[in-house]
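# Secondary and tertiary structure notes
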Amino acid sequence: MFARIKKEIHAVFERDPAAKNTLEVLLCYPGLHAILFHRLAHALYKKKFFVTARFISQISRFLTGIEIHPGAKIGEGLFIDHGSGVVIGETAEIGDNVTIYQGVTLGGTGKEKGKRHPTIGNNVVISSGAKVLGSFTVGDNVKIGAGSVVLKEVPPNCTVVGVPGRIVIRDGQKVGAAYVPDLRHDQMPDPIADMLSQMQATVDRLERKIERSRTGMLQIKRSSGGGKERIMQIYNTLTKTKEEFIPKDKGQVSMYVCGPTTYNFIHLGNARPLVFFDTVRRYFLYKNYQVNFVQNFTDVDDKIINRAREEKMDPLELAQKYIREFFVDADALNVLRADTHPKVSEHIQEIIDLIKKLEAQGNAYAVDGDVYFAVRSFPPYGKLSGRSLEDMQAGARVEVDPRKKDPMDFALWKAAKPGEPSWDSPWGPGRPGWHIECSAMAEKYLGSGFDIHGGGYDLIFPHHENEIAQSEAACGQPFARYWMHNGFITVNQEKMSKSLGNFFLVREILAKFPPDVVRWYLLSTHYRSPLDFDDEKLVVAGKGLDRIKTAIRLLYEAMELPVYEEGAKPVADNLEEKLTSLRLEFERAMDDDFNTALAVSVFFELAKEVNIFVGKLDGKVAPEVKKLMDKAHALIKDFNSVLGILKEDKMTGRLILDAAAADDKLTEGLVQLIIKIRQEARSKKDWATADTIRDGLKELGIILEDTPQGVRWKKQG
């Protein structure tokens with residue numbers, strides 16, 4: 001027994017460089033604990049003490065998060081690294097020196113007795129989230145990539161990736177033209193992330209080439225008097241290409257963006273599409289379009305019902321509570337209210353009418369009070385995500401509802417359950433499924449073929465795929481013309497999720513960082529690229545935004561200088577030409593698939609030019625200089641009207657550079673009074689008092705700056 005434990009510990013040291021000593025491994029490695037529990041449970045299982053064996057395995061699952069059926073046969077040297085969520089079935093067999101990472105399933109297909117789980121050979125590596133499903137053999141020295149789903153036998157010495165799993169390396173040689181990620185034993189493979197990274201690099205190269213070509217064409221257009229005409233391009237997820245944006249109705253834009261399920265405060269993943277699509281809307285307004293912007297609230301959902309039970313509230317009241325909290329965070333981030341914020345609970349009749357139409361056309365069927373959409377009745381199903389039904393089924397859960405005609409059919413209406421909100425319908429009391437709500441509400445407020453449907457990348461499948469199927473099956477024409485999806489928020493290169501414990505509420509972030517910094521940070525990366533989050537990046541974003549604010553502050557001070565018709569020197573500067581050029585660059589960035597990252601860089605360039613210009617002033621301002629400052633201010637406000645970073649004081653028409661100070665007139669008055677006292681001390685050459693005041697304010701976080709134009713103050717940091 002001790003010899004076996006020693007071998008298991010040796011396997012940990014052999015494959016985990018972080019392991020320090022034997023005591024640490026024995027106490028702190030749940031993967032080792034799960035294996036030791038299993039050795040005991042398996043011994044009892046072989047002696048037919050089935051109940052005791054299963055009880056021990058369940059204790060192990062509770063303590064380690066790793067579920068190993070006591071009937072599974074496991075060889076020596078199994079190493080389970082970061083093993084939470086690992087499931088190993090009853091008839092699975094595992095060879096020697098196998099490495100398994102978190103979320104791996106060695107599962108079965110079917111309910112028959114006998115062998116129904118896989119046999120894993122020696123020296124196999126199965127990476128994070130992979131599924132090996134069925135009664136077949138995975139040969140020796142095989143490597144299975146992260147997220148792969150393996151459904152058939154794999155020969156020895158192969159590398160497998162994808163859904164369904166496909167062999168990309170065999171005996172050290174590439175198979176076909178498939179892209180092969182690095183699948184080293186000491187690095188968890190993630191072919192999906194690697195492929196996306198490579199694709200993004202390719203896209204970036206192509207975009208640079210296109211930009212050079214467009215710049216050349218723009219120069220040709222300008223030389224022929226056509227410089228004012230520019231094309232707006234949007235990347236359409238449906239066609240996987242950038243397309244010229246041509247609205248359905250000239251001068252008008254219709255947008256539907258999926259809103260949150262209101263069972264909690266919004267998290268950072270909600271905030272990214274919230275801020276980005278608000279910026280899209282703002283740019284259309286800047287371009288003088290009339291915009292009809294609809295964003296829904298999902299206020300009927302399983303998550304809401306479960307949370308309501310926890311908080312002992314009515315589900316609809318709980319949903320309304322978090323809708324109010326949504327607006328608190330959205331207002332802080334300077335997000336404009338939608339023209340319409342429809343709720344599911346207020347559109348039940350529209351949803352029922354749409355389901356009845358689908359049922360009458362043969363696109364839906366009722367079973368025991370539930371109603372399902374028949375995906376095979378809509379042949380284009382999968383066109384948004386680019387996935388076939390076969391691929392979808394391979395990646396779906398093994399257990400399916402036997403009442404469905406097809407495993408991929410999805411719920412349009414759910415029969416009522418005790419204690420859940422329900423409404424009367426032709427199929428009995430119940431409530432809507434998730435996907436049907438957006439189809440019904442978008443149709444009501446925007447009609448078929450509206451311009452833009454937006455949301456996060458995670459909504460492409462199944463939510464938006466199912467919306468297309470429902471709506472286009474019902475009306476026989478395109479649901480939306482352009483589909484836009486923002487990239488994931490990641491934390492240390494991993495997708496933000498509750499299960500990984502890297503889940504951040506906007507409310508928590510706003511307690512640490514100002515809202516304008518958070519919005520600036522969210523817009524500083526192209527919306528289709530992943531955005532990696534950590535506090536340090538927000539600190540850097542805050543420093544960058546301070547550069548913009550400093551330039552605006554200096555401009556406002558210069559705008560207060562007196563204007564002299566005579567005696568003031570005109571500033572020899574080509575600022576007006578630069579302002580025109582910067583406006584063109586900003587618009588070019590936003591016209592190119594709303595490239596806010598490039599637009600932000602143009603804003604920095606504008607701040608630099610303003611600093612240079614203001615630095616040349618000497619206290620007397622000529623009228624033409626005042627006009628230039630007004631034009632610079634107008635351009636700053638235009639850029640800000642699109643990016644939505646700073647709020648505007650409606651009384652003065654100026655941007656609020658410190659929202660907290662703007663809300664606290666007392667602070668402003670007290671600081672100005674202290675500055676006046678200090679100036680009087682300086683005029684009397686009482687330097688000690690002046691310095692004491694300056695140093696005391698600094699200790700309180702207020703910095704005084706003596707300039708030729710007078711004393712300025714700002715908050716430290």
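Structure report, in brief. A quick note: this is a predicted structure, and the numbers were derived from the prediction, not measured. (Residues numbered from 1 in each chain as written. Predicted model: local features only at pLDDT ≥ 70, side-chain atom pairs only at ≥ 80, totals over all residues. Heavy atoms only, no water.)

Turning our eyes to something else, we now look at the overall build of the chain. Scanning the chain from terminus to terminus reveals 21 helices and 31 strands. Every one of the 717 residues in the chain was classed for burial, and the buried ones make up 48%. Sequence separation of at least 24 residues holds for 62% of the intrachain contacts in the chain that already meet a minimum separation of 6. Within the structure as shown, the chain displays about 34,700 Å² of accessible surface, and the carbon and sulfur contribution to it stands at 54%. (Helix = DSSP H or I, 4+ residues; strand = E, 2+ residues; numbered from the N terminus. Buried < 20%, exposed > 50% of the residue type's maximum accessible area, 1.4 Å probe, protein only. Contact = heavy atoms within 4.5 Å. Areas by Shrake-Rupley, 256 points an atom, 1.4 Å probe, with all protein chains shown as cover.)

This next bit is on the sheet that holds strand E3 (residues 79-80). The mixed open sheet is built from seven strands, whose spatial order is E3-E6-E9-E12-E14-E15-E16. Looking at strand neighbours, the two that pair on one side only are E3 and strand E16 (173-174), the edges of this open sheet. Inspection of the sheet shows strand E15 (residues 166-170) paired to E16 by two bridges, in the antiparallel sense. When the sheet's bridge partners are listed, arginine 170 is paired in E16 with glutamine 173. (Pairing = 2+ DSSP bridges.)

Attention now moves to the side chain of asparagine 334. Topologically, asparagine 334 is positioned in the loop between helix H8 (315-332) and helix H9 (348-360). Of the polar contacts made by the side chain of asparagine 334, one reaches the backbone oxygen of glycine 644; its length is 3.0 Å. If we skip the residues at most four places from it in the chain, asparagine 334 touches Asp278, Arg282, Arg519, Gly644, Ile645, Leu646 and Lys647. (Polar contact = N/O pair within 3.5 Å; in protein donor to acceptor, adjacent residues only side chain to side chain.)

So, on to the packing of helix H16 (residues 575-591) against helix H17 (residues 596-615). Viewed as axis vectors pointing N to C, H16 and H17 meet at an angle of 170°, and their least axial separation amounts to 8 Å. Between H16 and H17, the angle falls in the class roughly antiparallel. Only Thr596, Leu598, Ala599, Val602, Glu605, Leu606, Glu609 and Phe613 of H17 make contact with H16, whose side of the interface consists of Leu575, Lys578, Leu579, Leu582, Glu585, Phe586, Ala589 and Met590. For the contact of H16 with H17, the residue count by class is eleven nonpolar, one polar and four charged. (Axes fitted to C-alpha atoms, helices over the stretch in contact; angles between N-to-C directions. Parallel < 35°, antiparallel > 145°, perpendicular 65-115°, else oblique. Nonpolar A, V, L, I, M, F, W, Y, C, P; charged D, E, K, R; others polar.)

Attention shifts here to empty space enclosed by the protein. The tally for this structure, following the rule as stated, stands at four cavities of 30 Å³ or more. Counted as a void, the largest cavity has a volume near 100 Å³. Lining the largest cavity are 17 residues, and of these Leu274, Gln295, Val335, Leu336 and Ala338 lie nearest its centre. Within the residue set of the lining of the largest cavity, elements represented by two or more residues are helix H6 (268-286), strand E20 (290-295) and H8. Among the elements that take part in the lining of the largest cavity, H6 stands out by supplying five residues, more than any other. Of the residues assigned to the lining of the largest cavity, the class counts are eleven nonpolar, two polar and four charged. (1 Å grid on protein atoms, 1.4 Å probe; cavity = no way out; pocket = protein on both sides within 12 Å on 5 of 7 lines; lining within 4 Å. Points joined across faces, edges and corners; volume = space filled by probe spheres on them.)

Before going further, it helps to spend a moment on the packing of aromatic side chains. What the rule picks out here adds up to 28 aromatic pairs. With a centroid separation of 5.1 Å and an interplanar angle of 85°, the aromatic rings of phenylalanine 297 and phenylalanine 326 are classed as edge-to-face. In this pair, phenylalanine 297 is assigned in the loop between E20 and helix H7 (302-311) and phenylalanine 326 in helix H8, connecting sequence segments 29 residues apart. An angle of 85° between the planes, with centres 5.3 Å apart, marks the rings of phenylalanine 450 and phenylalanine 479 as edge-to-face. Of the two residues, phenylalanine 450 sits in strand E25 (residues 450-456) while phenylalanine 479 sits in the loop between helix H12 (460-475) and strand E26 (480-486), which places them 29 residues apart along the sequence. This pair shows no difference in class: phenylalanine 450 is buried, exactly as phenylalanine 479 is. Through a chain of ring-to-ring contacts, the aromatic side chains of Phe245, Phe276, Phe277, Tyr283, Phe284, Tyr286, Tyr289, Tyr482, Tyr527 and Phe594 assemble into a single cluster. Between arginine 337 and the ring centre of phenylalanine 327, over which it is positioned, the NZ or CZ distance is 4.0 Å. A cation sits over an aromatic face here: lysine 405 above tyrosine 365, 4.6 Å from the ring centre. (Phe/Tyr/Trp six-rings, centres within 6.5 Å; stacked < 30°, edge-to-face > 60°. Lys NZ or Arg CZ within 6 Å of the ring centre and 35° of its normal.)

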